[in-house]
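# Remarks on the overall topology
Each chain is listed here by its residues.
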Amino acid sequence: AQSVAQPEDQVNVAEGNPLTVKCTYSVSGNPYLFWYVQYPNRGLQFLLKYITGDNLVKGSYGFEAEFNKSQTSFHLKKPSALVSDSALYFCAVNPGAGSYQLTFGKGTKLSVIP
Amino acid sequence: DSGVTQTPKHLITATGQRVTLRCSPRSGDLSVYWYQQSLDQGLQFLIQYYNGEERAKGNILERFSAQQFPDLHSELNLSSLELGDSALYFCASSVAVAGVYEQYFGPGTRLTVT
């Protein structure tokens, strides 16, 4: 069975500084990996995904994520944080091979301090 | 706006009662997923339907049931409600992009059981 770990419940970063939200996964085979963002009182919004190819994936709102197969990680990054990036971020894994299902991590609350 | 709609937005009910949550997927999406989000359990996959048939089951209680109708909308029925059922319930629908199923989430229904 697949699993996702987001080791930090909360990440605080100053506005303008780079940010990283960590995610590691456990799944057999070649997974598909996703990041979603949830703003207060809203549903989850798709940010980006990794399927295959280039390990650095670019997504919405200036976010990118780096896939590292040897470390089974898929960390979310942004070069310069904005206050409006403050939200709850979820990493998710799909085991691939035609599977419909996503397994989510517990989420990381990102707070960008002005 | 993801194109997935959910009603009602908020629901307050008493223990022991039964409620029905409704979801309309994005136009053309055949799959509907239900998730429960609570503070202590995070985002939990409940059940998936594909074109009217149950496709996958997650951590769904026996007191809960769902169905997908011919017009593809879905309903999640929660019965014999307990205080611990208070949570945000999300519906998502999916579309295959290059063979990978991306899920798009509705705004959620916040259920409060008193």
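Read on for an overview of the structure.

### Quick look at the overall build of chain B
Counting its secondary structure elements, chain B contains 0 helices and 11 strands. In chain B, the succession of helices and strands from N to C terminus is β-β-β-β-β-β-β-β-β-β-β. In terms of C-alpha radius of gyration, chain B reaches 13 Å, essentially the compact-globule figure of 13 Å for 114 residues. Counting across all 114 residues of chain B, residues that qualify as buried make up 50%. Taking contacts inside chain B between residues at least 6 apart in sequence as the whole, the part at least 24 apart equals 52%. Of the accessible surface of chain B, which amounts to about 5,400 Å², a share of 48% is contributed by carbon and sulfur atoms. Computed over 8 positive and 11 negative side-chain charges, the inter-centroid distance for chain B is 3 Å.

### Let's talk about the state of the cysteines
Residue and element names in this part refer to chain A. Taken as a whole and assessed by the stated rule, the structure comprises 2 disulfides over all chains. The partner cysteine of Cys23 in its disulfide is Cys91, sulfur to sulfur 2.0 Å. Given an S-S torsion of about -60°, the disulfide between Cys23 and Cys91 has left-handed geometry. Residue Cys23 is located in the loop between β3 (19-21) and β4 (24-26), and its partner Cys91 is located in strand β10 (residues 87-94); the two are separated by 68 residues in the primary sequence. Neither Cys23 nor Cys91 differs from the other in exposure class; each is buried.

### Some details on the packing of aromatic side chains
Within the structure shown, the criterion is met by 16 aromatic pairs over all chains. Look at Phe63 of chain A and Tyr89 of chain A: their rings are 5.5 Å apart centre to centre, the planes differ by 45°, and that puts the pair in the tilted class. In this pair, Phe63 of chain A is assigned in the loop between β7 (56-58) and β8 (64-68) and Tyr89 of chain A in strand β10, connecting sequence segments 26 residues apart. Residue Phe63 of chain A shares its accessibility class with Tyr89 of chain A, and that shared class is buried. Grouped by ring-pair contacts, the aromatic residues Phe34, Tyr36, Phe46, Phe90 and Phe104 of chain A together with Tyr35, Phe45, Phe90 and Phe105 of chain B constitute a single cluster. Over the ring of Tyr104 of chain B we find Arg26 of chain B, and its NZ or CZ is 4.0 Å from the ring centre. If you follow Arg55 of chain B out to its NZ or CZ, it ends over the ring of Tyr50 of chain B, 4.5 Å from the centre.

### Concerning the sheet that holds strand β7 (residues 64-68) of chain B
All names here are of chain B. Taking strand neighbours across the sheet as the criterion, the 4 strands line up as β1-β3-β8-β7 in an open arrangement whose pairing is antiparallel. On the outer flanks of this sheet lie β1 (5-7) and β7, each paired with one strand and no other. Strand-to-strand, the axes of this sheet are offset by a mean angle of 15°, without reference to chain direction.

### Some words on the nonpolar core
Trp35, Leu47, Leu48, Phe74, Leu76 and Tyr89 of chain A are the most contacted members of the largest nonpolar core, which totals 28 residues. Listed by contribution, the elements that provide at least two residues to this core are β2 (10-14), β3, β5 (32-38), β6 (44-50), β8, β9 (73-78), β10 and β12 (108-113) of chain A. The next biggest cluster of nonpolar side chains, apart from the first, holds 20 residues, and it includes Val4, Cys23, Leu46 and Leu81 of chain B.

### Concerning the side chain of Gln36 of chain B
Residues and elements named next belong to chain B. Inspection of the secondary structure assignment puts Gln36 in strand β4 (residues 31-38). A distance of 2.9 Å separates the side chain of Gln36 from the side chain of Tyr89, its partner in a polar contact. Once residues lying within four places of it in the same chain are set aside, the contact partners of Gln36 are Gly42, Leu43, Gln44, Leu46, Phe64, Asp85, Ala87, Leu88 and Tyr89.

### Regarding unusual backbone geometry
Of the consecutive residues Thr7 of chain B and Pro8 of chain B, the connecting peptide bond is found in the cis state with omega at -10°. Within the secondary structure layout, Pro8 of chain B lies in the loop between β1 and β2 (10-13). Phi angles above zero are rare outside glycine, and Thr72 of chain A is one such case at about 45°. By secondary structure assignment, the location of Thr72 of chain A is in the loop between β8 and β9. Judged by relative accessible area, Thr72 of chain A falls into the partly exposed class, the value being 31%. Here the phi dihedral of Asn51 of chain B falls at roughly 50°; this positive angle occurs in a residue that is not glycine. Within the secondary structure, Asn51 of chain B sits in the loop between β5 (42-50) and β6 (53-57).

### Side note on the interface of chain B and chain A
Where interface size is quoted, it is often the accessible area lost as the parts come together. Listed per partner, the contact involves 23 residues of chain B and 20 residues of chain A. Between chain B and chain A lies a buried interface of about 1,800 Å² when both sides are counted; carbon and sulfur atoms form 56% of it. Of all residues in chain B, the largest losses of buried area upon contact with chain A belong to Leu43, Val100 and Tyr101 of chain B, amounting jointly to 30% of the total for that side. Counting across the chain B and chain A interface gives 1 salt bridge. Of all the elements in the fold, those that place two or more residues in the side of chain B that touches chain A are β4, β5, β6, β9 (87-97) and β10 (100-105) of chain B. In terms of residue count, the dominant contributor to the side of chain B that touches chain A is β10 of chain B (5 residues).

Procedures and definitions
Residues numbered from 1 in each chain as written. Chains lettered and ligands numbered in written order. Predicted model: local features only at pLDDT ≥ 70, side-chain atom pairs only at ≥ 80, totals over all residues. Heavy atoms only, no water. Helix = DSSP H or I, 4+ residues; strand = E, 2+ residues; numbered from the N terminus. Rg over C-alpha atoms; globule rule 2.2 N^0.38 Å. Buried < 20%, exposed > 50% of the residue type's maximum accessible area, 1.4 Å probe, protein only. Contact = heavy atoms within 4.5 Å. Areas by Shrake-Rupley, 256 points an atom, 1.4 Å probe, with all protein chains shown as cover. Lys, Arg positive; Asp, Glu negative; His and termini not counted. Charge placed at Lys NZ, Arg CZ, Asp CG, Glu CD. Disulfide = S-S within 2.5 Å. Phe/Tyr/Trp six-rings, centres within 6.5 Å; stacked < 30°, edge-to-face > 60°. Lys NZ or Arg CZ within 6 Å of the ring centre and 35° of its normal. Pairing = 2+ DSSP bridges. Axes fitted to C-alpha atoms, helices over the stretch in contact; angles between N-to-C directions. Core = buried A, V, L, I, M, F, W, Y, C linked by side-chain atoms within 4.5 Å. Polar contact = N/O pair within 3.5 Å; in protein donor to acceptor, adjacent residues only side chain to side chain. Buried area = accessible area lost by both parts, 1.4 Å probe. Salt bridge = Lys/Arg side-chain N within 4 Å of Asp/Glu carboxyl O.

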